[in-house]
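Residues per chain, in single letters:
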Amino acid sequence: MKQEYFTVKSIAGPLFYVEKTQNVSYGEIATVRLPSGEERLGQVLEVNEDVVLLQLFAGTSGANLNNSRVKFLGKGLELPVSKDIQGRIFDGLGRPIDGAPEVIPERKLDINGLAMNPYARSYPDEFIETGISAIDAMNTLVRGQKLPIFSGSGLPHNQLAAQIARQAKVRGKGEEFCVVFAAMGITFEEAEYFKNDFQKTGAIERAVMFLNLADDPAIERLATPRMALTAAEYLAYEKDFHVLVIMTNMTNYAEALREVSAARKEIPGRRGYPGYMYTDLATIYERAGRIKNKKGSITQIPILTMPNDDKTHPIPDLTGYITEGQIIISRELEHNNVYPPIDVLPSLSRLKQKGIGEGKTREDHSAVTSQLFAAYARGKQAKELAIILGEAALSDVDKSFSKFADEYEKKYVSQGEYIDRSIEESLDLAWELLRMLPKEELKRVKEEHIRKYMK
Amino acid sequence: MDIKGTAVISKSGRIKRISGPVIVAEGLEGVQMNEVVRVGKAKLIGEVVELAGKDVSIQVYEETSGLRPGEEVESSGSPLSVELGPGLIGSIYDGIQRPLDIVMKKSGNFIKRGIAVYGLPKDKKWSFRPSVKKGDAVKPGNVIGSVKETAIIEHKIMVPPGVEGIVHEISSGEFTVEEEVAVITGADGSKTGIRMYTKWPVRLKRPYNRKFSPVEPLISGQRVIDTFFPIAKGGVACIPGPFGSGKTVVQQQLAKWTDADVVVYIGCGERGNEMTDVLQEFPELEDPYSGEPLIKRTVLIANTSNMPVAAREASIYTGTTIAEYFRDMGYKVALMADSTSRWAEALREMSGRLEEMPGEEGYPAYLASRVAEFYERGGRVECLGGGREGSLSIIGAVSPPGGDLSDPVVKNTLRVVKVFWGLDDDLSSQRHFPAIHWLRSYSLYLDNINDYCAANIGKDFTDIRNTAMSILQKEESLQEIVRLVGEESLSDRDRQVMDTAKMIREDFLQQHAFDPDETYTPIGQQYRMLKSIINFYDTAVSAIEEGSRFENITILSVREKIARMKYITKDRMGEFDDIDREIKQQIKGTKDGSDNR
Ligand SMILES: Nc1ncnc2c1ncn2[C@@H]1O[C@H](COP(=O)(O)OP(=O)(O)O)[C@@H](O)[C@H]1O
Ligand SMILES: [Mg+2]
């Protein structure tokens with residue numbers, strides 16, 4: 001029998017201070033039985049000789065000092081895994097909520113995992129065709145990448161993520177992705193949207209969902225992405241699956257982190273987020289990847305909403321510093337009825353280079369998209385100039401660039417939620433659009449490619 | 001006694017408190033600052049960072065989950081050190097010099113805790129060739145022999161600091177690093193055995209005779225760097241910028257193409273895949289100077305963002321000490337640290353856990369001095385023992401929150417470095433790479449290396465560069481006018497300035513790192529490229545003054561050749577002469593109104 005402590009000294013926010021403890025280890029899990037009889041899970045954040053600081057996942061409301069009983073379980077948070085987790089829905093702490101029985105575990109895994117040895121990694125370089133031109137051609141996703149969507153409230157990031165999940169494939173291989181979905185603080189409706197979409201495509205059979213919704217305990221969110229990634233690692237490295245992990249919304253996750261930090265009275269970093277948020281997020285995002293001697297892979301699509309659409313806010317900022325690029329959703333494009341409203345210029349895929357080109361996509365891929373970037377950037381500048389000075393002040397060349405920018409948004413970026421373009425279609429369309437520009441301005445593409453592809 | 005092997009236990013205490021990567025122990029009276037300790041049953045590696053009465057604060061280099069108060073803490077008696085000797089080159093280490101390939105053999109794809117491994121291979125035999133003989137007098141830093149460590153690196157075995165006397169015995173042949181290759185008799189008759197490796201505490205800079213000002217450029221093959229904002233051999237530079245602006249690519253380009261003898265690359269708190277990239281590429285890529293694979297001159301330190309934060313703090317020192325060691329052999333060493341911000345954040349996190357008084361943005365008050373100390377370890381020196389000159393160039397990436405240059409790490413770095421490569425988010429989103437902003441960046445080594453450049457690159461190298469800079473500067477003010485009143489208002493001469501600036505930006509400053517034909521431009525070609533552009537400009541301006549129309553100059557076919565100059569290889573240098581000739585002819589043609597398409 002584990003010892004029970006009645007020695008709660010103080011309660012602050014989600015935190016419990018328990019006195020006269022013995023032999024408690026850092027990071028272990030405890031259960032707290034409230035006066036009402038309800039039992040809640042907590043995690044040890046700090047251990048002193050005889051005082052333990054405990055964080056309660058479901059908050060401390062209803063707890064009191066005299067009648068709350070604490071029991072330490074001697075282990076960290078774990079996820080029971082077996083192949084049967086596929087097709088199942090769990091809460092944010094990994095407990096089934098789909099009415100079906102508990103998973104009979106093959107093993108129980110510590111949700112914090114261990115750091116992957118960089119020496120064991122294999123550099124991701126397999127092109128994933130999402131069927132979306134603004135991604136495939138411009139900001140290419142590869143298997144094992146972590147590529148977040150930076151969005152704003154009210155923008156169609158969920159549609160985009162669902163479309164990626166629906167359409168993503170590695171060409172020439174029959175292998176399909178299995179989806180692991182982590183919801184942190186999103187609404188019931190948003191979660192249903194994903195569930196329905198997975199159901200429609202049949203992906204639900206192989207999917208694993210972890211749902212911490214808006215009205216679920218906020219602190220629980222700190223565990224949810226780790227639950228999901230533990231499931232993903234199990235499926236990828238033990239069962240050879242290619243796993244696509246969608247995590248939404250990382251902004252809510254970061255808020256929970258801030259809440260705990262504030263309750264601990266830690267010195268706040270920028271905008272109140274703790275100084276260790278970079279490291280904390282890295283222990284989530286770095287769990288994407290490929291391993292040399294393993295078949296499976298983990299590709300991550302985290303979604304976050306940028307407070308005030310500000311890319312320099314600590315949540316997108318620290319994320320961008322860790323992930324391998326970002327897909328940025330633009331409110332302006334959304335207003336212009338462009339779907340997906342991806343702003344390709346500040347978007348980036350850091351792993352594009354090794355995933356494209358002859359044998360992977362097409363020989364002209366790098367050059368033609370580099371030309372699109374340059375032309376679109378110049379076209380946008382010309383448009384800005386035209387706003388100040390009037391269209392007439394533009395040179396003929398600038399006028400053609402300005403027109404190009406409009407067409408590029410309308411015909412290239414915009415494609416619709418159920419349109420699945422092959423990479424060849426995306427590249428051909430690129431050449432077609434480039435015909436709008438004077439040929440001598442096409443400095444980034446080779447003469448022979450112009451002859452071959454510009455029909 | 002060894003930091004990672006089984007230590008001779010000198011003292012042992014017990015854990016009192018655990019808070020993330022910092023623990024407090026008691027019962028370790030007499031333990032020293034920076035001493036290495038083994039923590040708990042798992043024997044996690046830690047370092048003493050604070051002594052306060054009976055309480056000893058320890059930063060632990062591994063994940064501390066599962067530790068309990070009361071578990072044992074053993075002190076080792078020695079400070080955090082690295083092993084220096086043959087076997088360093090081509091290695092990939094974690095922040096405390098554990099070889100990650102061996103760690104993988106021991107613990108699989110994921111790094112488990114408490115793994116004890118040596119920094120150097122202890123069973124490998126190296127062929128030692130002596131360069132002193134019995135009876136020779138030697139002092140610290142003198143070379144007593146060498147080992148051909150790789151096709152590029154002759155690993156010099158030096159008399160360690162503190163040892164001096166007469167060579168009593170000297171061997172030749174195959175030895176492991178543990179075996180003695182020489183015995184030195186001191187003045188007092190004491191005998192000291194010399195092995196091929198030594199240990200050195202990472203936080204202590206290695207001694208040298210004296211420091212000089214740098215005089216030679218460190219050539220990187222990156223045009224915007226070498227020609228516009230050069231760093232000197234023995235110089236220090238920083239490259240701050242927001243995420244995605246190109247810090248890592250620049251650092252990796254330097255690691256690949258710089259004309260240093262040895263490169264130490266520290267991935268400090270950044271992405272795992274970036275280290276994997278280097279690991280996969282460097283054995284394949286050829287060093288342009290020796291023709292050998294790049295890995296044969298490279299040492300990698302990888303403490304990625306998901307690895308323990310305390311080891312991130314140590315990784316900078318581990319890398320710097322290894323770099324200094326090769327400098328001491330008389331090599332030109334270049335060290336890249338990506339990113340120093342992660343190191344500073346690790347300092348901040350430790351400091352917070354120690355409940356120290358926070359300074360700006362929560363960073364400890366000693367941030368400024370730590371940053372200065374780090375860059376001060378760079379420099380051009382006369383090596384200990386004399387007769388050799390070595391240099392250590394340091395290039396640090398800085399990752400300020402939101403790209404904001406008022407960040408304390410940036411500010412403190414700018415106070416000590418002499419080169420600033422300022423990355424610009426607008427340029428990178430337009431895919432102008434490297435996104436080093438030409439008007440905001442600077443190098444304070446231009447004067448130092450002036451003589452070298454005039455003698456070795458071209459007499460007018462500096463003039464050409466300065467002319468190009470002034471054209472770029474002028475463009476900025478002209479652009480202001482264009483934004484207000486449109487391009488028509490400019491004179492032909494000004495339009496020529498704008499046009500040339502565009503040429504400099506697009507055909508010279510931009511350089512595609514991933515295009516094998518362009519990733520590296522030797523300095524000789526850089527010089528000729530810019531010279532031709534300036535030649536075009538000068539000739540065009542005179543022609544305009546003599547009545548040529550700007551429009552006719554913009555359509556000359558030689559411009560296409562200028563745009564392709566970056567592909568001219570060393571064996572086709574004559575093409576630059578052809579281009580210069582065509583520039584003269586074609587622009588001359590514009591004067592008689594004929595159009596020279
Ligand atoms: N010189 C370059 N040539 C081509 N692409 C570049 C260059 N520099 C940067 N890039 C592009 O920018 C991306 C981000 O660069 P990186 O160095 O990783 O940024 P940071 O380290 O500042 O976050 C790269 O993945 C690459 O696509
Ligand atoms: Mg980087």
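Here is what the cut-offs are and how they apply
- Counting of residues starts from 1 at the beginning of each chain's written sequence and follows it residue by residue.
- Each chain gets a letter, beginning with A, and each ligand a number, beginning with 1, in the order they are written.
- With the structure being a predicted model, the display of local features is reserved for residues of pLDDT at least 70 and the display and counting of side-chain atom pairs for 80 or more, all residues being used for whole-chain, interface and lining totals.
- For side-chain calculations, the full set of non-hydrogen atoms in the structure is used, while hydrogens and water are omitted.
- Secondary structure follows DSSP: runs of H or I at least 4 residues long count as helices, runs of E at least 2 residues long count as strands, and numbering of each begins at the N terminus.
- The quantity called the radius of gyration is restricted to C-alpha atoms. Its globule counterpart is 2.2 Å times the number of residues to the power 0.38.
- Between buried and exposed lies partly exposed: a residue is buried under 20% and exposed over 50% of the maximum accessible area for its type, with that area taken using a 1.4 Å probe on protein chains only.
- Pairs of residues are marked as contacts when any of their non-hydrogen atoms sit within 4.5 Å.
- Shrake-Rupley sampling with a 1.4 Å probe provides the accessible areas, and residues are treated as covered by the protein chains on show and by no other component.
- For the purpose of charge, His is not counted, nor are the chain termini; Lys and Arg are scored as positive and Asp and Glu as negative.
- Where a charge lies is defined by one atom per residue type: Lys uses NZ, Arg uses CZ, Asp uses CG and Glu uses CD.
- Pairing of aromatic side chains requires ring centres within 6.5 Å, counting the rings of Phe and Tyr and the six-membered ring of Trp. Pairs whose planes differ by under 30 degrees are stacked, by over 60 edge-to-face, and all others tilted.
- In this scheme, the term charge over a ring applies when either NZ of a lysine or CZ of an arginine sits within 6 Å of the ring centre and within 35 degrees of the ring normal.
- Distance and chemistry together define a polar contact, namely a pair of N or O atoms within 3.5 Å, with one atom able to donate a hydrogen and the other to accept it when in protein, and with adjacent residues in sequence counting only for side-chain atoms on both sides.
- All axes here are fitted lines through C-alpha atoms, helices being fitted over the stretch that makes contact, and every angle between N-to-C directions spans 0 to 180 degrees.
- Angles are sorted into four bins: roughly parallel if under 35 degrees, roughly antiparallel if over 145, roughly perpendicular if 65 to 115, and oblique for all others.
- By convention the crossing between two helices is left-handed if the near helix lies anticlockwise of the far one by an angle smaller than a right angle, and right-handed if it lies clockwise.
- The rule for pairing is simple: two strands pair if DSSP sees at least two bridges between them.
- Once two parts are joined, some of their accessible surface, as seen by a 1.4 Å probe, is lost; buried area is that loss totalled over both.
- Think of a salt bridge as a Lys or Arg side-chain nitrogen and an Asp or Glu carboxyl oxygen that are within 4 Å of each other.
- Ten residues, namely Ala, Val, Leu, Ile, Met, Phe, Trp, Tyr, Cys and Pro, are considered nonpolar, four, namely Asp, Glu, Lys and Arg, are considered charged, and the remaining ones, Gly among them, are considered polar.
- To be near a molecule or strand, a residue needs just one of its heavy atoms within 4 Å of it.
- A residue counts toward a patch only above 30% relative accessible area and without a salt bridge, and it is joined to like-charged neighbours within 9 Å or, for Val, Leu, Ile, Met, Phe, Trp and Tyr, to nonpolar neighbours within 5 Å.
- For the domain bounds, the source is a domain assignment made automatically or taken from a database.
- Nonpolar core, defined: a set of buried Ala, Val, Leu, Ile, Met, Phe, Trp, Tyr and Cys residues in which side-chain atoms within 4.5 Å join the residues together.

Digging into the overall build of chain B
Point 1. Looking only at helices and strands, one finds 16 helices and 26 strands in chain B.
Point 2. In summary, chain B has a C-alpha radius of gyration of 28 Å against a globular reference of 25 Å for 597 residues, a match within 12%.
Point 3. Principal-axis analysis of the C-alpha atoms gives chain B an extent of 90 × 55 × 40 Å.
Point 4. Relative to its 597 residues, chain B shows a buried fraction of 62%.
Point 5. A sequence separation of at least 24 residues applies to 71% of the contacts in chain B between residues at least 6 apart.

Concerning the overall build of chain A
Point 1. Broken down by element type, chain A carries 13 helices and 18 strands.
Point 2. For chain A, the spread of C-alpha atoms along the three principal axes comes to 80 × 50 × 40 Å.
Point 3. Residues classed as buried in chain A amount to 61% of the 455 residues present.
Point 4. Accessible surface, chain A: about 16900 Å² in total, of which carbon and sulfur atoms supply 48%.
Point 5. Taken as two groups, the 59 positive and 64 negative side-chain charges of chain A have centres that lie 3 Å from each other.

Observations regarding the packing of aromatic side chains
Point 1. Scanning the entire structure with this criterion turns up 23 aromatic pairs over all chains.
Point 2. On the basis of an interplanar angle of 65° and a centroid distance of 5.6 Å, the ring pair of Y325(B) and F326(B) is categorised as edge-to-face. Like F326(B), Y325(B) is buried.
Point 3. One aromatic cluster in this structure is built from F181(A), Y193(A), F194(A) and F198(A).
Point 4. Over the ring of Y123(A) we find K354(A), and its NZ or CZ is 4.9 Å from the ring centre.
Point 5. Between K122(B) and the ring centre of Y118(B), over which it is positioned, the NZ or CZ distance is 3.7 Å.

Brief notes about the side chain of R38(B)
Point 1. Among the secondary structure elements, R38(B) is positioned in strand β3 (residues 35-39).
Point 2. Within the structure, R38(B) has its side chain in polar contact with the backbone oxygen of K43(B) (distance 2.9 Å).

Considering the packing of helix α10 (residues 365-389) of chain A against helix α12 (residues 423-434) of chain A
Residues and elements named next belong to chain A.
Point 1. Contact pair α10 / α12: the axes reach a minimum separation of 10 Å and the direction vectors enclose 45°. The angle between α10 and α12 falls in the class oblique. The two elements α10 and α12 meet at a crossing, and its hand is left-handed. For the pair α10 and α12, contact is made by H365, V368, T369, Q371 and L372 and by I423, L427, A430, W431 and L434, respectively.

Remarks on the environment of S82(A)
All names here are of chain A.
Point 1. Inspection of the secondary structure assignment puts S82 in the loop between β8 (78-81) and β9 (88-91).
Point 2. Residues S82 and I104, 22 residues apart in the sequence, show an inter-C-alpha distance of 7.1 Å.
Point 3. At 3.0 Å, the side chain of S82 and the backbone nitrogen of D84 are in polar contact.

A closer look at the sheet that holds strand β14 (residues 173-175) of chain B
Residues and elements named next belong to chain B.
Point 1. The sheet built from 4 strands is open, its strands ordered β12-β11-β9-β14 with antiparallel pairing. In this open sheet, the two strands that pair with only one neighbour each are β12 (154-158) and β14. Direction aside, neighbouring strands of the sheet carry axes that sit 40° apart on average.
Point 2. With 3 bridges connecting them, strand β9 (residues 126-130) and strand β11 (residues 143-148) associate as antiparallel partners. Of the residues in β11, the one forming a bridge with R129 is S146.

Considerations on the interface of chain A and chain B
Point 1. Between chain A and chain B, the contact holds 69 residues from the first and 78 residues from the second.
Point 2. Summing both sides of the interface, chain A and chain B together bury roughly 6000 Å²; the carbon and sulfur share of this comes to 53%.
Point 3. Seen at the junction of chain A and chain B, the total is 8 salt bridges.
Point 4. A salt bridge links K443(A) to E506(B), with the nearest nitrogen and oxygen atoms 3.5 Å apart.
Point 5. Within the residue set of the side of chain A that touches chain B, elements represented by two or more residues are β5 (39-47), α4 (224-238), α6 (277-285), α7 (314-322), α9 (352-355) and α10 of chain A.
Point 6. Of the residues forming the side of chain A that touches chain B, the biggest block, 8 residues, is contributed by α10(A).
Point 7. Within the side of chain A that touches chain B, the residues separate by chemical class into 31 nonpolar, 19 polar and 19 charged.

Examining the site of ligand 1
Point 1. Ligand 1 sits among 16 residues. The nearest are R350(A), G244(B), K247(B), T248(B) and V249(B).
Point 2. A distance of 3.3 Å is found between a nitrogen atom of ligand 1 and a backbone nitrogen or oxygen belonging to Q511(B).
Point 3. In isolation ligand 1 offers 550 Å² of accessible surface; the protein chains occlude 93% of this area.
Point 4. Examining the composition of the shell around ligand 1, we find that 3 residues originate from one element, helix α3 (residues 247-257) of chain B, more than from any other.
Point 5. Classifying every residue of the shell around ligand 1 gives 8 nonpolar, 6 polar and 2 charged.

Some details on a nonpolar patch on the surface
Residues and elements named next belong to chain B.
Point 1. A cluster of nonpolar side chains, contributed by I481, L484 and V485, occupies part of the molecular surface with about 290 Å² of accessible area.
Point 2. Position of V485 among the secondary structure elements: in helix α11 (residues 461-485).
Point 3. Classification of V485 by relative accessible area gives exposed; the value is 53%.

Thoughts on unusual backbone geometry
Point 1. The residue after Y339(A), namely P340(A), is reached through a cis peptide bond having omega -5°.
Point 2. With respect to the helices and strands, P340(A) occurs in the loop between α8 (331-335) and β18 (348-349).
Point 3. The peptide bond linking F433(B) to P434(B) adopts the cis configuration, its omega dihedral lying at -10°.
Point 4. Along the polypeptide, P434(B) turns up in the loop between α9 (425-429) and β26 (442-443).

Things to note about the sheet that holds strand β10 (residues 137-138) of chain B
Residues and elements named next belong to chain B.
Point 1. Ordered in space as β10-β13-β15-β16, the 4 strands form an open sheet in which the pairing is antiparallel. Lying at the two open borders of the sheet, with one neighbouring strand each, are β10 and β16 (191-195).
Point 2. Where β10 meets strand β13 (residues 165-170), 2 bridges bridge the pair, whose relative direction is antiparallel. The residue of β13 that forms the bridge with A137 is I166.

Some thoughts on the domain arrangement of chain A
Point 1. Each domain of chain A was delimited in the assignment, giving domain 1 (4-72), domain 2 (78-354) and domain 3 (365-453).
Point 2. With centres defined by C-alpha atoms, the gap from domain 1 of chain A to domain 3 of chain A works out at 61 Å.

Re the nonpolar core
Residue and element names in this part refer to chain B.
Point 1. Membership of the largest hydrophobic core comes to 161 residues, with the highest contact counts inside it found for I144, F228, F326, W421 and F536.
Point 2. Considering each element in turn, this core owes the most residues, 12 residues, to helix α13 (residues 523-545).
Point 3. Apart from residues no more than four positions distant in its own chain, W421 is found in contact with I225, F229, I231, A237, C238, I239, P240, L254, I395, I436 and S441.

Brief notes about α7(A)
One turn of the α-helix equals 3.6 residues, which is why residues spaced by three or four share an orientation.
Point 1. When you tally the buried positions in α7(A), you get 9 out of 9 residues, the bulk of the element.
Point 2. Where α7(A) is concerned, the buried positions are P314(A), I315(A), P316(A), D317(A), L318(A), T319(A), G320(A), Y321(A) and I322(A).

Thoughts on the pairing of strand β20 (residues 262-268) of chain B
Residues and elements named next belong to chain B.
Point 1. Counting buried positions over the 7 residues of β20 gives 7, a clear majority of the element.
Point 2. Burial of the side chains of β20 extends over both faces: V262, V264, I266 and C268 are buried on one face and V263, Y265 and G267 on the other.
Point 3. Strand direction decides the pairing type here: β20 and strand β22 (residues 332-338), joined by 6 bridges, are parallel. From the neighbouring strand, I266 faces β22, where its bridge partner is A337.
Point 4. Pairing analysis gives 6 bridges linking β20 to strand β21 (residues 298-303), with the strands arranged parallel. Within β21, the residue paired with I266 across the bridge is I301.

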